[in-house]
Amino acid sequence: MMDTFASMSIDAPVVKLRASDLLKLAQDCQRYVQVTSCLGCISIFILTIGLWITHMIFPKSWKPINIPDLIRVGPQDDGGYCTSRAAIASSSRLISFGLNDDWSFEEDFLKIKNVPVDCYDHSVNSRFWRIHFVKSLLTGRFGKLNKSIKYRKFFDRHSVTHHARKIGYDLDNGISLNTIMSSAGFGEIFLKIDIEGGEYRILDQIVEHQHRFPAILMELHDIDVHEDRIREFIRQLKSHAIVWMNGNNYGDQTPDGNPVVIEVSFVRSDFIDAAAASDAREDITYVNNPAAPPIAIKFEA
């Protein structure tokens, strides 16, 4: 048997290869095909998982139930929420996280139940109002030029307080929900949360104190990223039920068309008449951004 193999072409030099070299080359090619095939499978698997994650349908258990005393509090666009009138009436204090330049929810709340109000927002300060004034002037929004005066008028009330603290941890200028609850005294506390993603730092604390809240209103951000955390939070919030949900159309959508920012209203079970509960009503739901189309929420069948 020949020890070498010669391959020739008309214009190319002669190349001599041993039989052992050919065998090694064949083995290398086989390994390459196997690895390439494996990588291809992994790529397909990752792509499939990615599509499964981004194509998000909300769980059926998130679908709101209708309660007869559901009312709208606050504006008919961004900043307004739906909740139970009875839950408001039972509250001895309103704690609100997130303020910016809109306290219309808190004003409406006080028309129903006059209780102490504690608002927390570290970003609203004298610098905030200077920038707000200049922006309003430059953009021609003259109706907002006196907003800082209205702010002082509202928060000069004896029982209404703005705390310039960041919700989250008890560090520097921050404060946790646990610390707030420790000084809130006894009684029922109505909780409202809109802190642009900061809500995830206090989910466990909300669960811990859930028995104190007749109702919880909150905006949840990037739910396509935090779906597992939200599922677990809702599972642990055993004393409450979802009575209203709205897709914030200022935010983006998933490939399936679901919103990535939602507003949710939880009401404690003792304020819900199971016999009267039914499918969610939609006649008091409004879009956050009137200039954009609404984002319908898709639930599992």
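Preceding this section is the structure that the text describes.
Residues numbered from 1 in each chain as written. Predicted model: local features only at pLDDT ≥ 70, side-chain atom pairs only at ≥ 80, totals over all residues. Heavy atoms only, no water.

## What about the overall build of the protein chain?
Stage number 1. Scanning the protein chain from N- to C-terminus turns up 8 helices and 15 strands.
Stage number 2. The 301 residues of the protein chain split such that 42% are buried.
Stage number 3. Sequence separation of 24 or more characterises 72% of the internal contacts of the protein chain that already satisfy a separation of 6 or more.
Stage number 4. Of the roughly 17,200 Å² of accessible surface on the protein chain, a fraction of 57% belongs to carbon and sulfur atoms. (Helix = DSSP H or I, 4+ residues; strand = E, 2+ residues; numbered from the N terminus. Buried < 20%, exposed > 50% of the residue type's maximum accessible area, 1.4 Å probe, protein only. Contact = heavy atoms within 4.5 Å. Areas by Shrake-Rupley, 256 points an atom, 1.4 Å probe, with all protein chains shown as cover.)

## Focus: the sheet that holds strand S14 (residues 262-268)
Stage number 1. Pairing in this open sheet of 7 strands is mixed, and the strands run S8-S7-S6-S11-S12-S14-S13 from one edge to the other. Looking along the sheet, the strands with just one partner apiece sit at the ends: strand S8 (160-163) and strand S13 (240-247). Sheet twist, expressed as the mean angle between neighbouring strand axes with direction ignored, is 15°.
Stage number 2. Of the strand pairs in this sheet, S13 and S14 are connected by 7 bridges, and their pairing is antiparallel. Within S14, the residue paired with Trp244 across the bridge is Ser265.
Stage number 3. Those strands touched by helix H5 (residues 147-155) are strand S7 (117-120) and S8, and its axis lies near 120° from that of S8. (Pairing = 2+ DSSP bridges. Axes fitted to C-alpha atoms, helices over the stretch in contact; angles between N-to-C directions.)

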